[in-house]
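Listed here are the chains, written in short residue letters.
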Amino acid sequence: MSTEVLRAEVPRIGASRAEVPRTDTSRRLLSLLNDAHVPYRLIRHAPEGRTDLASQLRGHPLEQAAKCLVVRVGSGRRGRRYVLAVVPGDRRVDMACVQELFGGTDTAFASREIAERLSGCVSGSIVPFSFHPELELVVDPDLLAGEEIFFNAARLDLSLALGVEPYRALARPRVARVATPACDAGLSRPGDLLSRVSPP
């Protein structure tokens, strides 16, 4: 499988179709970065939504990958809110921490339909930005410890490398401990399904 870095500088909206993603969320994300004159790299690769395999294709340590999962936080019989929890690729979302952080009574991973609707991305390509008023963004601080993060750019066949400081300035996430080691047996497997989908 080949990997191609499309552009090392800031791509412009007038770039060729081979360079500019075609999904609405990708366009919105790139417009945000371009308008802020933020340098980033687009990396084209074989379609892949699984965090570990996508990281291999992109050629970076797994802990630099932004794993994005949509979590439903319940509050009472009918109350609920949705949180986009972003953790390092070698971790899992700590549901108990998310529940406590948002004052919920229970937590569960959102259904695939809701996750895709709120994020504007197909599962496996969710970006660590929220463009929906009902989706609150929280990022684990360990993901922000390095200089750069990597994530699918709202497409399974395209990824983006972005500096941590520009990311924090533009995404303006809530930063809190919401990650736990991936080997933690207390977390169930279904959560991974929202962050990784094999191409058809």
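Located above this text is the structure these notes cover.
For the structure given in this document, a descriptive report is provided here. (Residues numbered from 1 in each chain as written. Predicted model: local features only at pLDDT ≥ 70, side-chain atom pairs only at ≥ 80, totals over all residues. Heavy atoms only, no water.)

## Description of the overall build of the chain
Short version of the rule: We count a stretch as a helix when DSSP gives it H or I for four or more residues in a row; a strand needs E for two or more, and each element gets its number in order from the N terminus. To sort residues, take the accessible area from a 1.4 Å probe on protein chains only and compare it with the maximum for the residue type: under 20% means buried, over 50% means exposed, and anything in between is partly exposed. Two residues form a contact once any of their heavy atoms are found within 4.5 Å. Computed by Shrake-Rupley with a 1.4 Å probe, the accessible areas treat only the displayed protein chains as cover when residues are assessed.
The number of helices and strands found in the chain is 6 helices and 11 strands. Residues classed as buried in the chain amount to 49% of the 200 residues present. Residue pairs at least 24 apart in sequence account for 71% of intrachain contacts in the chain once pairs closer than 6 positions are excluded. As presented, the chain carries roughly 9,700 Å² of accessible surface, and 49% of it is formed by carbon and sulfur atoms.

## As for helix H5 (residues 164–171)
For clarity, the threshold we go by: Arc definition: directions from the helix axis to the C-beta atoms.
Every buried residue belonging to H5 is among Val164, Tyr167 and Ala171, and all of these are buried. Take H5 and look down its axis: the buried residues cluster within an arc of 60°, on one side only. Exposed side of H5, more than 90 degrees from the buried face: Glu165 and Ala169 are the residues found there. Elements that come into contact with the buried residues of H5 comprise strand S7 (135–139), strand S8 (148–155) and strand S9 (158–163). Phi turns positive one or two residues past the end of H5, at Arg172, with a value near 50°.

## Topic: the side chain of His60
Applicable threshold: N or O atoms within 3.5 Å of each other form a polar contact, as long as, within protein, one can give a hydrogen and the other can take it, and as long as residues adjacent in sequence are counted only when both atoms are side-chain atoms.
With respect to the helices and strands, His60 occurs in the loop between helix H2 (51–58) and strand S3 (66–75). Engagement of the side chain of His60 in a polar contact is seen with the side chain of Arg58, the distance being 2.9 Å. In contact with His60, not counting residues within four places along its chain, are Ser55, Ala65 and Phe150.

## Comments concerning the nonpolar core
The condition is simple: In this description, a nonpolar core means a group of buried Ala, Val, Leu, Ile, Met, Phe, Trp, Tyr and Cys residues linked to one another through side-chain atoms lying within 4.5 Å.
Judged by nonpolar contacts, the single largest core of 35 residues is most densely connected at Phe151, Leu160, Leu162 and Tyr167. The leading source of residues in this core is S8, at 4 residues. Not counting residues up to four positions away in its chain, the partners in contact with Leu162 are Leu33, Val38, Pro39, Tyr40, Phe129, Glu147, Glu148, Ile149, Phe151 and Tyr167. Membership of the second largest hydrophobic core comes to 14 residues, among which are Val87, Val98, Phe102 and Ala179.

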